[in-house]
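# Architecture and fold: a report
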Amino acid sequence: MTTTQTLELLAPLAGVLLPLEQVPDPVFASRMIGDGVCIDPTSQILCAPLAGVISNIQDSGHAVSVTADNGVQVLMHIGLDTVNLAGKGFTRRVKEGQRVEAGQPLIEFDADFVALNARSLLTLMLVVSGEPFALLVPETGLVAVGQSLLCVTAEPGMAADEQEQGEALFSKPVTLPNANGLHARPAAVFAQAAKGFNASICLHKQTQSANAKSLVALMALQTAQGDIVQVSAIGEDAEAAIQMLALLLVEGCGETVAAQVDRPAEVTPVSSASVLRGVCASPGSAFGQVVQVAEPELSITEVGRGEATERAALERALLQATEALQALQTKTGGAQAEIFRAHQELLEDPTLLEQAQAGLAHGKSAALAWKQATVATATLFQGLGSALLAERAVDLADVGQRVLKLILGINDSVWDLPEQAILIAEQLTPSQTASLDTRKVLGFVTVGGGATSHVAILARALGLPAICGVPAQVLHLAKGKQVLLDADKGELRLEPDLAEIEHFEASRQQQVLRRQREVEQAQRAAITRDGHHVEVSANVASLQEVEQALSLGGEGVGLLRSEFLYLDRNRAPSPAEQAATYCAIARALGGERNLVVRTLDVGGDKPLGYVPMERETNPFLGLRGIRLCLERPELLREQFRAILGSAGLARLHIMLPMVSLLSELRLARKMLEEEAQALGLKELPKLGIMIEVPSAALMADVFAPHVDFFSIGTNDLTQYTLAMDRDHPRLASQADSFHPAVLRLIATTVKAAHAHGKWVGVCGALASEALAIPMLVGLGVDELSVSVPLIPTIKATVRELDLADCQLIARQVLDLEDAAQVREALRRYPAVAVETPLVVEN
Ligand code: PEP
Ligand code: MG
């Protein structure tokens, strides 16, 4: 049994403490090297933060590591890019292997010289052995040298890497191209990549060797440009490891290096691990060539050229960024334009601007002041515990980078891409995604990102297959390599064989032809072969989507997600603005078509910028949808008034989300009646509820007399019935709306509604799956409200069906055991033999 020990680390310098995120260097800020703290120093002697052995001190004197007896390893790195000073300005006071006491001086440095000749004086203290720690002081503020700073929790032996037994495989020798050898930054990239393999891996330089998964061991090799090194590995993935890591060395481990002349012929990129897996961000598949896209490293000076000059530089860049975002809105339109409008709003955020101004007032350059302000705000977003806000942090990083490049005068022109490109990136920004040339780009793969991010929404709007959350080794695939991206399965196939490629091409051809046919016939009604009409309408979030839906044969709007109209606003839209939006949408539809406006469904994963909410432990089970609106009745009343303004322009329906209690419906109806009366309306619009909580489905017979219609939200109904988070990447395959438990609730709802003469729609993503259509029609669903691009497909599917067969299959599936059995039974139904991929709702 291991016993946990704690170890206090002392401040190695006096100075101002800063969170790591504020370090203007992505490798440190992203904690790739390790977690810890950053100090802006006011003293000039770096002291040992703990007792131990000097496990490495760089010849250039800018970095030192101390290892405690219990294995905790701490790296201190003085300044940024100080490796380039080649030892000037640093005096080492200790040697490698020497034992030191806590507080003992390790390195003296000339702060003025370093500040003038390197990028920054910011000094890092990082726990590179990976143990967790707690801060013993506030996150920012002054610290004195020797003051207790961190409390590290160490388990002896925890860091020990189990060594594999067996015969080692060796790579060909590689000549190191990095100007300063494997110093902290490239060493961290190399160690990180090595950690992706199970094999025991070493890096060899002449007679010395180092554990490739240990940053400090790699730094202790003291490599220099031109050194000849070799990678060895033992274990089942040894071959893949040496191939990938040798290639990484040749390519400079993340640093820009001169073109290689000695690229070892046999070093090819990862090949034996032939499939890389991630999460589907946008469905579809593509066969094409790898194109790696990396962001250029930005060099930021710390000290400004005078407050007025820097302020003017920031203001100019902000103005240029606003103009560029405006142009993007005009170019994209619809939901995509909304994203860039939200970016524009972020640029006007007072807190962000105040922070940047404060930086300028402290003499910082415009670039640093802006960068620190955006990083601090993004960190705040990430820390609020909401997946959606965390994804907005990506938007902030995007818009932040846009301004930063403008300040630095970097031309962010569109990438020059080859044909048939499958882009590979650490992360794409929404701006980059929206500017992709879809004639050349067939799809993309990212290490970061999430299925609900704006990048995913944009990819779906562009019809580009995409996967995210793929292991970082994808970043080392060779340019031009032919790969098969199967986004539906969340897979990137690195070695597709001829048969796979042929199969892929053939089914793509078929899909293209089928799609053409469906679009040509999209205006025909969705009537089964035996004459049963099913209304196929659209799920929309903007006027532009309504117009698109009509052109694709949508018979109305079955779900207007009103919260998406203003999701990224910091300020509430005025009542007049809201009313104008609803009127424009209703007018586009006209008096003969249904418009179902769902009242604000905020809370849960959808916070609304201008509706401040308290943090909740279980937001999906908290104040969401109608619950929140009833807590803030003015919000709901104002929305009712705005919606009622469009009465008469379309067949207006109002729908309440997340209803679980009859009292909620009663309260909301009363408010609606009062508002309608105050406006002098003689006739109330139709009022319905979403059925997306099991209680509402089970009590549908009780709700039915009080509503005009039901619309079943299978996304939430599945999540709440199966108790599986709808956005959980590991539960994605099990949180399946085809589960018989969900289907039984649909059956219950339809039966109750029809008994009271009310209609039932399905507006969750299940209605957008062709495979589900016979079953939904057979269960008696009257309306299918689907994702806009799928309207032609769903209508075509209905036209292939016979109601009597559908009723038979619906009865059968209700008695099956699980979702897989249901899918299997439906696949045997002839009209849906070819399954159409699900378009995830945005
Ligand atoms: C649903 O839950 O199925 C639904 C349509 O609502 P949303 O996806 O907007 O939560
Ligand atoms: Mg829902």
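Look up: the structure comes first, before these words.
Given the structure is predicted, the values throughout are model-derived calculations rather than measurements.

### Focus on the coordination of the magnesium ion (ligand 2)
Listed as protein donors to the magnesium ion (ligand 2) are Glu692 (OE) and Asp716 (OD); their distances from the metal cover 2.0 to 2.1 Å. Highlighted residues: glutamate 692 in the loop between β32 (686–691) and α19 (694–698) and aspartate 716 in helix α21 (residues 714–722), separated in sequence by 24 residues. Judged by relative accessible area, glutamate 692 falls into the buried class, the value being 2%. You can call aspartate 716 buried: its relative accessible area is 2%.

### Points about the sheet that holds strand β10 (residues 105–109)
Hydrogen bonding along the main chain pairs the strands of a sheet, whether they run parallel or antiparallel. One open sheet accounts for three strands, arranged β4-β10-β8; its pairing is antiparallel. Pairing within the sheet leaves two strands with one partner each, and these edge strands are β4 (45–47) and β8 (90–92). Here the average twist between neighbouring strands, direction ignored, is 20 degrees. By the bridge criterion, three bridges tie β4 to β10 in an arrangement that is antiparallel. By the bridge assignment, cysteine 47 is partnered in β10 with proline 105.

### What to know about helix α6 (residues 307–332)
Taking 1.5 Å of rise per residue, the 26 residues of α6 would be expected to cover 38 Å, and the 37 Å separating its terminal C-alpha atoms lies within 8% of that figure. Among the residues of α6, those classed as buried are Glu310, Ala313, Leu314, Ala317, Leu318, Ala321, Leu325, Leu328, Gln329 and Thr332.

### Side note on the pattern of salt bridges
If the charged atoms of two oppositely charged side chains come close together, the side chains can form a pair. Here the structure, examined in full by the defined rule, presents 30 salt bridges. With a shortest N-O distance of 3.0 Å, aspartate 69 and arginine 99 are connected by a salt bridge. Linking aspartate 69 in the loop between β6 (63–67) and β7 (73–77) with arginine 99 in strand β9 (residues 99–100), this pair joins segments that are 30 residues apart in sequence. Given a relative accessible area of 64%, aspartate 69 falls into the exposed group. Looking at arginine 99, the relative accessible area reads 46%, which means it is partly exposed. Of the charged contacts in the structure, one is a salt bridge between glutamate 563 and arginine 598, with a shortest N-O distance of 2.6 Å. Within this pair, whereas glutamate 563 is found in the loop between β29 (557–561) and α15 (575–589), its partner arginine 598 is found in strand β30 (residues 594–598), the two being separated by 35 residues in sequence.

Rules behind the numbers
Residues numbered from 1 in each chain as written. Chains lettered and ligands numbered in written order. Predicted model: local features only at pLDDT ≥ 70, side-chain atom pairs only at ≥ 80, totals over all residues. Heavy atoms only, no water. Donors = N, O, S within 2.8 Å, 3.2 Å for Na, K, Ca; no water. Helix = DSSP H or I, 4+ residues; strand = E, 2+ residues; numbered from the N terminus. Buried < 20%, exposed > 50% of the residue type's maximum accessible area, 1.4 Å probe, protein only. Pairing = 2+ DSSP bridges. Axes fitted to C-alpha atoms, helices over the stretch in contact; angles between N-to-C directions. Expected span 1.5 Å × (residues − 1). Salt bridge = Lys/Arg side-chain N within 4 Å of Asp/Glu carboxyl O.

Read these as layout, nothing more, since geometry by itself doesn't imply function.
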